[in-house]
Amino acid sequence: MNTNLETTKERPTVKSSEAFPNYTLPCRIFENVDVKNLTQEEFEEIRKAVPQNGVILIKNQHLSLDELVAWTKRFGEPVELADGLRFNNFHKEYPEVTRISNILPSGELLQNYSGAEYWHSDGDFWQAPKNYVFSCLYAEKVPPKGGETGFADLRLAYNGLKQELKDKIKNLRVWVSPKNIPDFEGAKDDELPPDAYHNIAYLHPETQLLCLYFGCTASDIEGLSREDGQILLKELMAEVEKDEYIYAHKWSPNDLLIWDNTSTMHRSLGGYGNYPRLMYRTQAYVK
Ligand SMILES: O=C(O)CCC(=O)C(=O)O
Ligand SMILES: [Fe+2]
């Protein structure tokens, strides 16, 4: 593992979920803070920690949805997604909030729900710099078993590539078509944003570290056939999915996770069957 990155070393951290003993990336953790009452200095420390660590955990927060939206606005303009891009699962009065849940607002439990069970980066469908998005995920109801969220560090993944693969991707761009994004299957055509293109060897706008950035394996590679693009994306995914690059978060109610979508990929690790799981997600275009 590369040692010259800003990592979580010598900072309060939490280990991956015991259910995933092979995943060994730690996560930076903040305890004894209330995000509703932070000094500007405390906020700046948390704000800086997001791109430095990729993902951070803030324990024991008590937030209404209005407060969650207000918190999100501190990072930048909140993202408002069309209903079809947020699982068709929310009340109209909170355009900034997505329910990450197998429970509909009506209370109906969706059977065998599997939303977000693939590695992806939120906001990959926006052209830079709009794709520099932080996501906040706040847990209300967590299952007794399963339901972890995995995070992979794309800086470690880039640094770990063999030179041959670094050379191969050097001038390649990923081509993200929202119609290919698995979680957008329920979206109407007029809800889908236009396609976006990104350098795969992605220079992070803030840390200036290179990240292995491709959104998800359902994307294409500009200039390659669908088949050749898929082969390369699967090869890159195997590089990202190395145990030591992954943190698996075991949720407790009132956990607030914040992650940087250009230096990490994430996914639901599933395994919660039909236990109810309810979390609220907000996102900001980072300023
Ligand atoms: O359900 C999860 O664990 C992850 C959901 C997700 O991808 C997101 O909130 O952006
Ligand atoms: Fe996501």
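Residues numbered from 1 in each chain as written. Chains lettered and ligands numbered in written order. Predicted model: local features only at pLDDT ≥ 70, side-chain atom pairs only at ≥ 80, totals over all residues. Heavy atoms only, no water.

An unreviewed UniProt entry annotates the protein as Putative taurine catabolism dioxygenase of Bernardetia litoralis. Taken from UniProt, the Sequence similarities (unreviewed entry) comment for the protein reads in full: "Belongs to the TfdA dioxygenase family." (UniProt positions renumbered as here; feature names shortened; annotations may be inferred.)

J.: Hey, could you run me through the pattern of salt bridges in this one?
T.: A side chain with one charge may pair with a side chain of the opposite charge, provided their charged atoms come close. For the coordinates displayed, the defined rule picks out twelve salt bridges. A salt bridge links aspartate 34 to lysine 36; its shortest N-O distance comes to 3.6 Å. Linking arginine 86 and aspartate 83 is a salt bridge whose minimum nitrogen-to-oxygen distance equals 3.1 Å. What you see here is one network of salt bridges that share partners, running through Asp83, Arg86 and Lys92. (Salt bridge = Lys/Arg side-chain N within 4 Å of Asp/Glu carboxyl O.)

J.: Help me understand the site of ligand 1 in this model?
T.: In the region of ligand 1, the neighbouring residues are Ile100, Ala116, His120, Asp122, Leu137, Thr149, Trp259, His266, Ser268, Arg277 and Arg281. Arginine 277 places a polar side-chain atom, nitrogen or oxygen, 2.7 Å from an oxygen atom of ligand 1. Expressed as a share of its isolated accessible area of 290 Å², the protein-covered part of ligand 1 is 99%. Across the shell around ligand 1, the residue classes tally to four nonpolar, four polar and three charged. (Near = heavy atom within 4 Å. Polar contact = N/O pair within 3.5 Å; in protein donor to acceptor, adjacent residues only side chain to side chain. Areas by Shrake-Rupley, 256 points an atom, 1.4 Å probe, with all protein chains shown as cover. Nonpolar A, V, L, I, M, F, W, Y, C, P; charged D, E, K, R; others polar.)

J.: How should I be thinking about the coordination of the iron ion (ligand 2) in this particular structure?
T.: Ideal coordination angles are 109.5 degrees for a metal with four donors arranged tetrahedrally and 90 or 180 degrees for a metal with six donors arranged octahedrally. In this structure, His120 (NE2), Asp122 (OD) and His266 (NE2) serve as the protein donors to the iron ion (ligand 2), at separations of 2.1 to 2.2 Å. We note that the donor set of the iron ion (ligand 2) lies within a single chain, spaced as H-x1-D-x143-H. With aspartate 122 in the loop between strand S5 (98–101) and strand S6 (133–141) and histidine 266 in strand S15 (residues 264–268), this residue pair connects regions lying 144 residues apart in the sequence. (Donors = N, O, S within 2.8 Å, 3.2 Å for Na, K, Ca; no water. Helix = DSSP H or I, 4+ residues; strand = E, 2+ residues; numbered from the N terminus.)

J.: Help me out: how do you make sense of the sheet that holds strand S12 (residues 220–221) in this one?
T.: For sheets, the rule is that strands pair by backbone hydrogen bonds, running either parallel or antiparallel. Taken in spatial order, the three strands line up as S9-S8-S12 in an open sheet, and their pairing is antiparallel. Among the strands making up the open sheet, the edge pair consists of strand S9 (196–199) and S12. Pairing geometry for strand S8 (residues 173–176) and S9, over four bridges, is antiparallel. Bridge assignment links arginine 173 to a residue of S9, and that residue is asparagine 199. (Pairing = 2+ DSSP bridges.)

J.: Can you walk me through unusual backbone geometry in this structure?
T.: Note: most residues except glycine have negative phi, and most peptide bonds are trans. Following alanine 128, the chain continues into proline 129 via a peptide bond in cis, with omega recorded as 5 degrees. Tracing the chain through its elements places proline 129 in the loop between S5 and S6. A positive phi angle, near 55 degrees, is found at asparagine 60, a position not held by glycine. Backbone geometry at asparagine 112 places phi at a positive 50 degrees, although glycine is not the residue there. Summarising the element assignment, asparagine 112 is placed in the loop between S5 and S6. On the basis of relative accessibility, which here comes to 60%, the residue asparagine 112 falls in the exposed class. (Buried < 20%, exposed > 50% of the residue type's maximum accessible area, 1.4 Å probe, protein only.)

J.: I tried to follow the UniProt feature "domain: TauD/TfdA-like" (unreviewed entry) in the protein on my own but got confused; where do I start?
T.: Mapped onto this numbering, the UniProt entry gives "domain: TauD/TfdA-like" (unreviewed entry) at residues 33–282. For residues 33–282, helix accounts for 21% and strand for 24%, while the C-alpha atoms at its two ends are 20 Å apart.

J.: What should I look at first to understand the environment of tyrosine 245 in this one?
T.: Mapped onto the elements, tyrosine 245 comes out in the loop between helix H5 (226–240) and strand S13 (246–249). Accessibility expressed as a relative area gives 7% for tyrosine 245, which makes it buried. On a C-alpha basis, the gap between tyrosine 245 and aspartate 189 in space is 36 Å, while along the polypeptide they are 56 residues apart. Once you skip the residues sitting within four places of it in the chain, tyrosine 245 turns out to touch Leu25, Phe151, Ala152, Asp153, Leu156, Ala157, Gly160, Glu239 and Val240. (Contact = heavy atoms within 4.5 Å.)

J.: I would appreciate a short explanation of H5 in the present structure.
T.: One turn of an α-helix holds 3.6 residues; hence residues three or four places apart share an orientation. In this model H5 runs 21 Å from its N-terminal to its C-terminal C-alpha over 15 residues, within 8% of the 21 Å that 1.5 Å per residue would give. Listing the buried residues of H5 in full gives Gly229, Gln230, Leu232, Leu233, Leu236, Met237, Glu239 and Val240. (Expected span 1.5 Å × (residues − 1).)

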